[in-house]
Amino acid sequence: MDLAGRFPGYVVLVLQGTRAGVVLKRLRKRRRQSKVTNAMERSRPVHILLVEDSPTDAGLAMEAFKDSKLLNNLAHVEDGTDAIAYLRRERQYSDAPRPDLVLLDLNLPTKGGREVLKEIKSDPELKDIPVVVLTTSDDDQDILKSYELHANCYITKPVDFEKFVQIVRHIQDFWFSVVTLPTGRK
Ligand SMILES: [Mg+2]
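Residues numbered from 1 in each chain as written. Predicted model: local features only at pLDDT ≥ 70, side-chain atom pairs only at ≥ 80, totals over all residues.

A. Structural view of the overall build of the protein chain. Helix and strand counts for the protein chain stand at seven helices and five strands. Going from the N terminus to the C terminus, the protein chain shows its helices and strands as α-α-β-α-β-α-β-α-β-α-β-α. (Helix = DSSP H or I, 4+ residues; strand = E, 2+ residues; numbered from the N terminus.)

And the structure:
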């Protein structure tokens, strides 16, 4: 049995730190070297709300978005309570823009992702905002429940950081280059 098989938790922990660092470095280098073409050139800026409590995943997602020059329009909150406050423009979020897309982790502190999803999709003011569930869980019940709560799509985060960055790029390509989004509300 290899090392990963014998000490799965430990190996994952060690790899997380170094592998994420390597991927981040490569992303930054690639951006410095090449002039990034922006497939997302559009007439109005797009706003994304990233709801993610893992600093590693949030960092990687933000780096991936940086490549498409979307980062200035990306807001990051780390728990469910802040996600709802942001969307309802409460507390320090009174000037928050309305997101065009929410990337939602399911396992969150203070208020779980399912509860956040339920609140978004039952609020007439918010329910038309597409919500992409982006989570480590591949549990059938989580997937089913998320769609029942009207998630617009469900994506299981790959364990591999490079693949995770690729997935984030696919998300932005699809939602901001292919899909027509609702624009009626401010
Ligand atoms: Mg989480």
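B. Fine view of the nonpolar core. Counting residues in hydrophobic clusters, the biggest one holds 36 residues, and the most contacted among them are Leu49, Val51, Ala83, Val102, Leu103, Leu104 and Val131. At the level of secondary structure, the elements contributing two or more residues to this core comprise strand S1 (48–51), helix H3 (55–66), strand S2 (74–77), helix H4 (80–87), strand S3 (101–104), helix H5 (113–121), strand S4 (131–135) and helix H7 (161–178). When neighbours within four sequence positions are excluded, valine 131 is seen to be in contact with Val102, Leu104, Leu117, Ile120, Ala151 and Asn152. (Core = buried A, V, L, I, M, F, W, Y, C linked by C-beta atoms within 7 Å. Buried ≥ 20, exposed ≤ 12 C-beta atoms within 10 Å, placed from the backbone. Contact = placed C-beta atoms within 7 Å.)

C. Region of interest: unusual backbone geometry. Here the phi dihedral of arginine 89 falls at roughly 55 degrees; this positive angle occurs in a residue that is not glycine. With respect to the secondary-structure elements, arginine 89 resides in the loop between H4 and S3. The exposure class of arginine 89 is partly exposed, given the 14 C-beta atoms found within 10 Å. Despite not being glycine, arginine 91 shows a phi value in the positive range, around 55 degrees. Checked against the element boundaries, arginine 91 lands in the loop between H4 and S3.

D. Fine view of the sheet that holds S4. In spatial order, the strands read S2-S1-S3-S4-S5; together these five strands make up an open sheet with parallel pairing. Strand pairing shows two members of the sheet lacking a second neighbour, S2 and strand S5 (153–156), which therefore form its edges. Ignoring strand direction, the axes of neighbouring strands in this sheet form an average angle of 20 degrees. As judged from the four bridges shared by S1 and S2, these two strands associate in the parallel manner. Residue pairing for S2: leucine 50 is matched across the bridge by histidine 76. (Pairing = 2+ DSSP bridges. Axes fitted to C-alpha atoms, helices over the stretch in contact; angles between N-to-C directions.)

E. The arrangement of H3 in detail. With 12 residues, H3 should cover 16 Å at 1.5 Å per step; its first-to-last C-alpha distance of 16 Å lies within 8% of that length. Among the residues of H3, those classed as buried are Asp57, Leu60, Ala61, Glu63, Ala64 and Phe65. (Expected span 1.5 Å × (residues − 1).)

F. Quick look at the packing of H4 against H5. Packing of H4 against H5 brings their axes to within 9 Å, and their N-to-C directions diverge by 20 degrees. Looking at the two axes, H4 sits roughly parallel to H5. The hand of the H4/H5 crossing is right-handed. Between H4, through Gly80, Ala83, Ile84 and Leu87, and H5, the contact on the second element is made entirely by Gly113, Glu115, Val116, Glu119 and Ile120. Here the residues of the contact of H4 with H5 sort into five nonpolar, two polar and two charged. (Parallel < 35°, antiparallel > 145°, perpendicular 65-115°, else oblique. Left-handed = near helix turned anticlockwise from the far one by under 90°. Nonpolar A, V, L, I, M, F, W, Y, C, P; charged D, E, K, R; others polar.)

G. Structural view of the confidence of the model for the protein chain. Model confidence for the protein chain is summarised by a mean pLDDT of 85, while 82% of its residues fall at 70 or above. Taken together, the stretch residues 34–40 has pLDDT below 50 and engages in 13 contacts with residues farther than four places along the chain or on a different chain. (pLDDT = per-residue confidence, 0-100.)

H. Spotlight on the pairing of S4. In terms of burial, S4 is largely enclosed, as four of its five residues are buried. Here S3 pairs with S4 via three bridges, running parallel. If you follow leucine 103 over to S4, its bridge partner there is valine 132. The parallel pair S3 and S4, bridged by H5, forms a crossover whose chirality is right-handed. (Right-handed = clockwise from strand over helix to strand, strands pointing away.)

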